[in-house]
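Tertiary structure, described
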Amino acid sequence: MHLTVTTPRGYLVQIEAEEIAAPGVLGEFGVLPGHIPFMSVLKPGVLSYRVKEGTKYLAVGDGILQVARTANGDKVDVLVNRGEHGKDVDREAAQKELAAADAELGKSKAESTAELGPLRDRRSWAAAKVEAAGRTSPH
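Structure report, in brief. These figures come from a predicted structure and were not determined experimentally. (Residues numbered from 1 in each chain as written. Predicted model: local features only at pLDDT ≥ 70, side-chain atom pairs only at ≥ 80, totals over all residues. Heavy atoms only, no water.)

**Focus: the overall build of the protein chain**
Secondary structure summary: the protein chain contains 2 helices and 10 strands in total. Ordered by position in the sequence, the α and β elements of the protein chain form the string β-β-β-β-β-β-β-β-β-β-α-α. Taking 14 Å as the expected radius of gyration for a compact globule of 139 residues, we find that the protein chain reaches 16 Å, a close match to that expectation. Here the C-alpha coordinates of the protein chain stretch approximately 55 × 35 × 25 Å along the principal axes. (Helix = DSSP H or I, 4+ residues; strand = E, 2+ residues; numbered from the N terminus. Rg over C-alpha atoms; globule rule 2.2 N^0.38 Å.)

Quick look at the structure:
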């Protein structure tokens, strides 16, 4: 399957993958060759893909994933608001960012989604980076 992961800054991944796992809003799901065409909304988390050299991990933000069949084979397009290769994540910095977001959420007296939304987004992104880094090089 041809996998393309794109952020507003450009392509993050363009590769032939044997298997893909993604963080859908309704739960993690997998895509194998021959999968039915579909679309899914993604939440921040870890997108993994298996290639001949092994499994690779990406921290991804909110986005969409589309599976399509083309004349050249299966195609998986992922559009996310941000992404980072697990191997490139500064794990310590991401853990500090996650701890800070958790502390702010714990102290927050905000009750509305509008007030909590940006803080939850920051926490979700930090958690995705920590998880991607951990899967790439577990300590």
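**Remarks on a nonpolar patch on the surface**
A cluster of nonpolar side chains, namely Val25, Leu26, Met39, Val41, Ile64 and Leu79, defines an oily patch on the protein surface of about 610 Å² accessible area. If you trace the backbone, Val41 turns up in strand E5 (residues 38-42). When its relative accessible area of 46% is taken as the criterion, Val41 is described as partly exposed. (Patch = residues over 30% accessible without salt bridge, like charges linked within 9 Å, V, L, I, M, F, W, Y side chains within 5 Å. Areas by Shrake-Rupley, 256 points an atom, 1.4 Å probe, with all protein chains shown as cover. Salt bridge = Lys/Arg side-chain N within 4 Å of Asp/Glu carboxyl O. Buried < 20%, exposed > 50% of the residue type's maximum accessible area, 1.4 Å probe, protein only.)

**Comments concerning the packing of aromatic side chains**
Following the criterion strictly, the structure yields 1 aromatic pair and no others. When the ring of Phe29 is compared with that of Phe38, the centres are 5.5 Å apart and the planes differ by 75°; the resulting orientation is edge-to-face. Judged by relative accessible area, which is 23%, Phe38 ranks as partly exposed. (Phe/Tyr/Trp six-rings, centres within 6.5 Å; stacked < 30°, edge-to-face > 60°.)

**Quick look at the environment of Asp62**
For Asp62, the position within the fold is in the loop between strand E7 (54-60) and strand E8 (63-70). Owing to a relative accessible area of 36%, Asp62 belongs among the partly exposed residues under this scheme. Each C-alpha atom, one on Asp62 and one on Gly10, is 16 Å from the other, the two residues being 52 residues apart in sequence. Setting aside anything within four residues of it in sequence, one finds Asp62 in contact with Leu42, Lys43, Pro44, Leu79, Val80 and Asn81. (Contact = heavy atoms within 4.5 Å.)

**Topic: the side chain of His85**
Residue placement: His85 occurs in strand E10 (residues 83-85). Given the relative accessible area of 19%, His85 is considered buried. Looking at His85, its side chain comes within polar contact range of the main-chain oxygen of Leu12, at 3.2 Å. If we skip the residues at most four places from it in the chain, His85 touches Leu12, Val13, Tyr49, Tyr57 and Leu58. (Polar contact = N/O pair within 3.5 Å; in protein donor to acceptor, adjacent residues only side chain to side chain.)

**A look at the environment of Leu26**
Within the secondary structure, Leu26 sits in the loop between strand E3 (19-24) and strand E4 (27-31). Take Leu26: its relative accessible area is 87%, and that puts it in the exposed class. Sequence spacing of Leu26 and Lys43 is 17 residues, and the spatial spacing of their C-alpha atoms is 8.9 Å.

**Here we look at helix H1 (residues 91-107)**
When the terminal C-alpha atoms of H1 are compared, their 24 Å separation across 17 residues agrees well with the 24 Å that a helix rising 1.5 Å per residue should span. Taken residue by residue, H1 has Ala94, Leu98 and Ala101 as its buried positions. All buried residues of H1 fall inside an arc of 65° around its axis, so they share one side. Along H1, the residues that are exposed and aim more than 90 degrees away from the buried face are Glu92, Lys96, Gly106 and Lys107. Where H1 begins, the side chain of Asp90 points an oxygen toward the backbone nitrogen of Glu92, at a separation of 3.3 Å. (Expected span 1.5 Å × (residues − 1). Arc of directions from axis to C-beta.)

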